[in-house]
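The primary structure of each chain is shown beneath.
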Amino acid sequence: MTRRRFRQPDMAKLRAYAESRMTDTIRISRPGKPAVDPVTGAETPTGEVMYEGPGKVQTSGGMASQVSTASGDSSNIGGLVPEWSLYLHLPISATGLREKDVALVVDSKDPDLKGRCMRLVNMQSEKTLATARRWNVQEIPEED
């Protein structure tokens, strides 16, 4: 029996291709403790920018499923509700990020994405041959 030789993929080319599709500009910050003005007592949010560069916002899903809510909402009992997952794709070089870091879409070809904020939930691309860092994220709603 002859052994088949497995040809290793050219990861540099694959990663470059993945990054070429990341056309949004993303800034990821790690929230810090608020600074308090000693005179006024006013709090100012602080944080450290952990990453700024290319990225891509991605959704998937839309599969209809039966969902019951914790609020007791019974308006859709027995109905199907589409469920969507939200992801943020970053270059493989975007390291040191953690859960609860906050991503801001600084610029995007989609004007509706610009200014949107998301909290990093967990990375879903922990694998040897990853072409990008893919994070599950949760959108942070805008304050009115």
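About the cut-offs
- Position labels on residues start from 1 in each chain and follow its written sequence.
- The predicted nature of this model means local features are confined to residues of pLDDT at least 70 and side-chain atom pairs, given and counted, to a pLDDT of 80 or more, with totals for whole chains, interfaces and linings taken over all residues.
- Heavy atoms throughout the structure, all of them, feed into the side-chain values; hydrogens and water do not.
- Secondary structure elements are taken from DSSP: a helix is a run of H or I of four residues or more, a strand is a run of E of two residues or more, and numbering for both begins at the N terminus.
- Burial classes: relative accessible area under 20% of the type maximum marks a residue as buried, over 50% as exposed, and values in between as partly exposed (1.4 Å probe, protein chains only).
- Here a cavity is any set of points on a 1 Å grid over the protein atoms alone where a 1.4 Å probe fits but cannot get out, and a pocket is any open set with protein on both sides within 12 Å along at least 5 of 7 lines; a residue lines the site when it has an atom within 4 Å of a point.
- Grid points are joined across faces, edges and corners, and a volume is the space filled by probe spheres set on the points.
- Three classes are used, and their members are as follows: Ala, Val, Leu, Ile, Met, Phe, Trp, Tyr, Cys and Pro are nonpolar, Asp, Glu, Lys and Arg are charged, and the others, Gly among them, are polar.

Novice: Sorry, what's going on with the environment of proline 141 here?
Specialist: Checked against the element boundaries, proline 141 lands in the segment after β8 (133–140). Judged by relative accessible area, which is 65%, proline 141 ranks as exposed. Along the sequence, proline 141 and cysteine 117 sit 24 residues apart, while their C-alpha atoms lie 7.5 Å from each other.

Novice: Just to check I follow, could you spell out the layout of surface pockets for this structure?
Specialist: One simple way to see leftover space: roll a probe sized like a water molecule over the atoms. In this structure, the largest pocket occupies an estimated 190 Å³ of space. In terms of lining, the largest pocket is formed by Val102, Gly115, Arg116, Cys117, Glu139, Ile140, Pro141, Glu142 and Glu143. Taken together, the residues of the lining of the largest pocket sort by class into four nonpolar, one polar and four charged.

Novice: I'm lost on the environment of alanine 103 in this one. Help?
Specialist: Mapped onto the fold, alanine 103 is located in strand β6 (residues 102–107). Its relative accessible area of 0% is what places alanine 103 among the buried residues. In this structure, the C-alpha to C-alpha distance between alanine 103 and isoleucine 28, residues 75 residues apart in sequence, is 4.3 Å.

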